[in-house]
Structure formats: structure tokens, C-alpha cells
Amino acid sequence: MKMHVLAAAVLALFGLAISGQAVAADLPLKAAKAPPPFDPWDIAFGGAVTSDYVFRGITQSNHQPSVAAYFEPRYNVNKDLQLYIGTSAESISFANHAAAEVDIYGGVRPTFGAVALDFGLWGYLYPGGQCQESFPGGVAVCPPGSPLANGPDFTQIKKDLSFYEGYAKINWTINDSFALGASEYYTPSFLNSGAWGDYASVTAKATAPSKWFGSTGIGAYLSGEFGRQWFGTTDAFYRISAAPVGIPYPSYNTWNIGIAFTYKVFTLDLRYSDTNLSKGDCAALTSAFNANIPGNVTAINPNGFGSNWCGATGIARLSADLTAMTNLK
């Protein structure tokens, strides 16, 4: 009798299990959330205000404040390959009286794990320039066809300084705290001078641990760069008596180091920049309109008036950088 009761109980439990499975099978399953579709397009844009626009150790704004803005459409072929074009503009104070720099650029950014590469072409345009010639007693606009009417050995600069560079960059993100980089830029005619230019640099960046600032959303990093700018010989527009077919532009070293603080899309960068250019060679290289420091005769600057456009300077820069996919959704 006990055996019959036990058998009946087992059959009843088995029937309940089968019935339960059937009921569960009939219930609709909750669909897994589909991942968002891959959108290859993005746009980066932003702007900045800086106390001094310095390019490779040389002021482009006569040590005065400058404003800048950029716009960069991007196409991500996949997560490891990006194509981009862009434009930017900066306020400047050039010796030929150009007041703006307009850049047009484009390239490709492949990524291999922690290593990011960047290859492209960059064009620098300087609209509104005038041919200028500085000589004892004043400054004159260069007469058409005769840029050196007052003879050689005076400071002069062309109306059109526009030029382009090809570049290659690499950045290695070692971990969340450290990154190293290097870059190479080449142009056949720097500032339309006829002198080729080659710039190479190395960079380093150390990012502070996020726990240092708690939940404030503030971040910070230290960064620095050391670069070397090489030059060839200009065309005859910049000739002097000792070099009637053009002057050999002075190659030089430049370096900068600074600390930056970030908050959301904003970055405040405080930086020190310098070069090893002499004041005399600086005046010859930049044709600075306010080169008025006497006693700086060099092989390419026989008039001896020097400029501080290439010397040590401190820079404070506040910028905002956004992307459409991240900040405009």
C-alpha cells in the first residue's frame, strides 16, 4: 500500500513539473535590448581664448591675446579608423599686417590598440596681408615689382605668407596616467619664403588620478613638448648683401611645459614656452614690425635690431571642445 501511495506522489510531482514547463514555455520572453546602431558620422567643434598665440615657440599675436575656433567633421570607417577634414581660425598680428589665420586640413587616424596614428595635410592661409619693408626712418609698402627698393639689408616680408605642411603623428597611451607622442611636419616653403621647413617633436603627458578630485568632475594633467625646427634657404625676396640669392633661415629648438585643469568640456591650460633663438635671428625669421632691440647683429641680420617674439613667455588658455555624438544628444 505504501508503495502505491509513493508511486502516485512521484507521478503527481512529475505531472506538475511538466505542466509548469508547458506554462513557462507559453509565457512571452522579454526581448533583449538591441545595441544602438553604429553611426559613423561625428563633428568636433570648439573655441578658445588665449593670452598669447604661440606657434612652435614664436608668438603669432605680438604677445597679445588671441581667439580661436574650429569645426571638424569626422567619418569613422570602423572603431579603429577615422577620416576627417576641418577648418579653424585664429586672430593674429603678423608683420605683413594680416590679422587672421585660416587653416584647412584633413587626414586619417588609424588606431592599433593603445597606439593612435594621424596622417594628413594642413594648409595655413593669411588673408589681408600687405608687402612690408622696414628701413631706417620708417616702414613702407613694397612697391610692385620692387620689394627691395631701399636696397638689401633691411627687414621685409611678403604680402602672401600662405603655405601647407604634410604631417605624421603618433601617440602611445601607456595607461590611464601616462602617454607619449611624437610628430613630424614638412613644408617645401615655410610662410611662402621659399625655404623648406621640417619640424619634429616629442611629447609627454601625465594625467592625475581621478580620485584626487573626488566627485567634483575636475581633472588635471601635466604635459610638455620638445621640438626642433629646421629650415632651408629663402628665395631672393629676402636677400641681403652677404646672401644675394636668399638667406639661410636659422634652425632652432623650442620647448614648452604646463599644467591643465579640465571640467566637462572646458580646459584651462597654464604653460611656459621658450626657444633658443637669438633676438637678432628672431627678427630676421619673423620680420617683426617692432624689432627695436639694438646690438643684435647676426649673419642674417646686418641691421642689428632684435625682436622678443621668440623668447620666453607664459600662456594662459581657456578652451571648450565638444563632439556632436557626445555633447549634443
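Note that this is a predicted model, so its numbers are computed, not measured. (Residues numbered from 1 in each chain as written. Predicted model: local features only at pLDDT ≥ 70, side-chain atom pairs only at ≥ 80, totals over all residues. Heavy atoms only, no water.)

Section: the overall build of the protein chain
Along its length, the protein chain carries three helices and 17 strands. The buried share among the 329 residues of the protein chain stands at 38%. Contacts in the protein chain between residues far apart in sequence, at least 24 positions, make up 57% of those at least 6 positions apart. Approximately 18000 Å² of the protein chain is accessible, and the part contributed by carbon and sulfur atoms is 67%. (Helix = DSSP H or I, 4+ residues; strand = E, 2+ residues; numbered from the N terminus. Buried < 20%, exposed > 50% of the residue type's maximum accessible area, 1.4 Å probe, protein only. Contact = heavy atoms within 4.5 Å. Areas by Shrake-Rupley, 256 points an atom, 1.4 Å probe, with all protein chains shown as cover.)

As for the state of the cysteines
What the rule picks out here adds up to one disulfide. With its sulfur 2.0 Å from that of its partner, Cys 282 forms a disulfide with Cys 310. Taking the sign of the S-S torsion, 85° for the link of Cys 282 and Cys 310, the bridge is right-handed. Here Cys 310 lies in the loop between α2 (279-286) and β17 (313-323) and Cys 282 lies in helix α2, a separation of 28 residues in the sequence. Like Cys 282, the residue Cys 310 is buried in the burial classification. (Disulfide = S-S within 2.5 Å.)

A few points about the pairing of strand β15 (residues 252-263)
Here twelve bridges tie strand β14 (residues 218-231) to β15, and the two strands are oriented antiparallel to one another. Paired with Phe 226 across the strands is Trp 255, a residue of β15. Sheet topology places β15 next to strand β16 (residues 266-275); ten bridges connect them, and they run antiparallel. Note on β16: the bridge partner recorded for Ala 260 is Asp 269. (Pairing = 2+ DSSP bridges.)

Considering the sheet that holds strand β4 (residues 66-78)
What the twelve strands build is a closed barrel, ordered β1-β4-β5-β6-β7-β11-β12-β13-β14-β15-β16-β17; its pairing is antiparallel. Strand-to-strand twist of the sheet, defined as the mean angle between neighbouring strand axes without regard to direction, takes the value 20°. (Axes fitted to C-alpha atoms, helices over the stretch in contact; angles between N-to-C directions.)

Let's talk about the side chain of Ser 319
Along the chain, Ser 319 turns up in strand β17. Every residue in contact with Ser 319, bar those within four places of it in the chain, is listed here: Gly 47, Ala 48, Val 265, Phe 266 and Thr 267.

What to know about the packing of aromatic side chains
One pass over the full model with this rule turns up 17 aromatic pairs. A ring pair is formed by Phe 231 and Tyr 249, whose centres lie 5.6 Å apart and whose planes are at 70°; its orientation type is edge-to-face. Remark: Tyr 249 occurs in the loop between β14 and β15 and Phe 231 occurs in strand β14; sequence separation between them is 18 residues. When sorted by exposure, Phe 231 lands in the same class as Tyr 249, which is buried. The interplanar angle of 50° and the centroid separation of 6.3 Å between the aromatic rings of Tyr 238 and Tyr 249 together place this pair among those described as tilted. Here Tyr 238 is found in the loop between β14 and β15, whereas its partner Tyr 249 is found in the loop between β14 and β15, with eleven residues between them in sequence. One exposure class covers both Tyr 238 and Tyr 249, and it is buried. (Phe/Tyr/Trp six-rings, centres within 6.5 Å; stacked < 30°, edge-to-face > 60°.)

Quick word on the environment of Thr 313
Summarising the element assignment, Thr 313 is placed in strand β17. Residue classification places Thr 313 among the buried residues on the basis of a relative accessible area of 12%. Along the chain, Thr 313 and Asn 256 lie 57 residues apart, while their C-alpha atoms are 9.6 Å from each other. Within the local environment of Thr 313, its side chain forms a polar contact with the side chain of Asp 52, the two groups lying 3.3 Å apart. (Polar contact = N/O pair within 3.5 Å; in protein donor to acceptor, adjacent residues only side chain to side chain.)

Focus on the pattern of salt bridges
Under the counting rule described, the total for this entry stands at eight salt bridges. The partner of Glu 72 in a salt bridge is Arg 74, and the shortest N-O contact between them spans 2.6 Å. Judged by relative accessible area, Glu 72 falls into the buried class, the value being 5%. Between Arg 109 and Glu 72 there is a salt bridge, with its nearest N and O atoms 3.0 Å apart. A residue pair is termed long-range when its members are at least 10 positions apart, and Arg 109 in strand β6 (residues 100-112) and Glu 72 in strand β4 qualify at 37 residues. Among the charged side chains, a salt-bridge network with shared partners connects Glu 72, Arg 74, Arg 109, Asp 118 and Lys 169. (Salt bridge = Lys/Arg side-chain N within 4 Å of Asp/Glu carboxyl O.)

Quick look at the pairing of strand β5 (residues 81-91)
The side-chain alternation of β5 yields one buried face, formed by Gln 82, Tyr 84, Gly 86, Ser 88 and Glu 90, and one unburied face, formed by Leu 81, Leu 83, Ile 85, Thr 87, Ala 89 and Ser 91. Between β4 and β5, which follow one another and run antiparallel, lie two residues. Relative to β6, β5 runs antiparallel, the two sharing eleven bridges. Bridging across to β6, Thr 87 finds its partner in Ile 104.

Quick word on a nonpolar patch on the surface
On the surface, Val 49, Val 67, Ile 218, Leu 222, Ile 259, Phe 261, Tyr 263, Phe 266, Leu 268, Leu 270 and Leu 318 cluster together into a nonpolar patch covering about 910 Å² of accessible area. Those elements that provide at least two residues to the nonpolar patch are β14, β15 and β16. (Patch = residues over 30% accessible without salt bridge, like charges linked within 9 Å, V, L, I, M, F, W, Y side chains within 5 Å.)

Quick notes on unusual backbone geometry
Although it is not a glycine, Asn 62 sits at a positive phi angle of roughly 55°. Note on placement: Asn 62 falls in the loop between β3 (58-59) and β4. Given a relative accessible area of 18%, Asn 62 falls into the buried group. For His 97, which is not glycine, the phi dihedral falls at a positive 75°. By the secondary structure assignment, His 97 is in the loop between β5 and β6.

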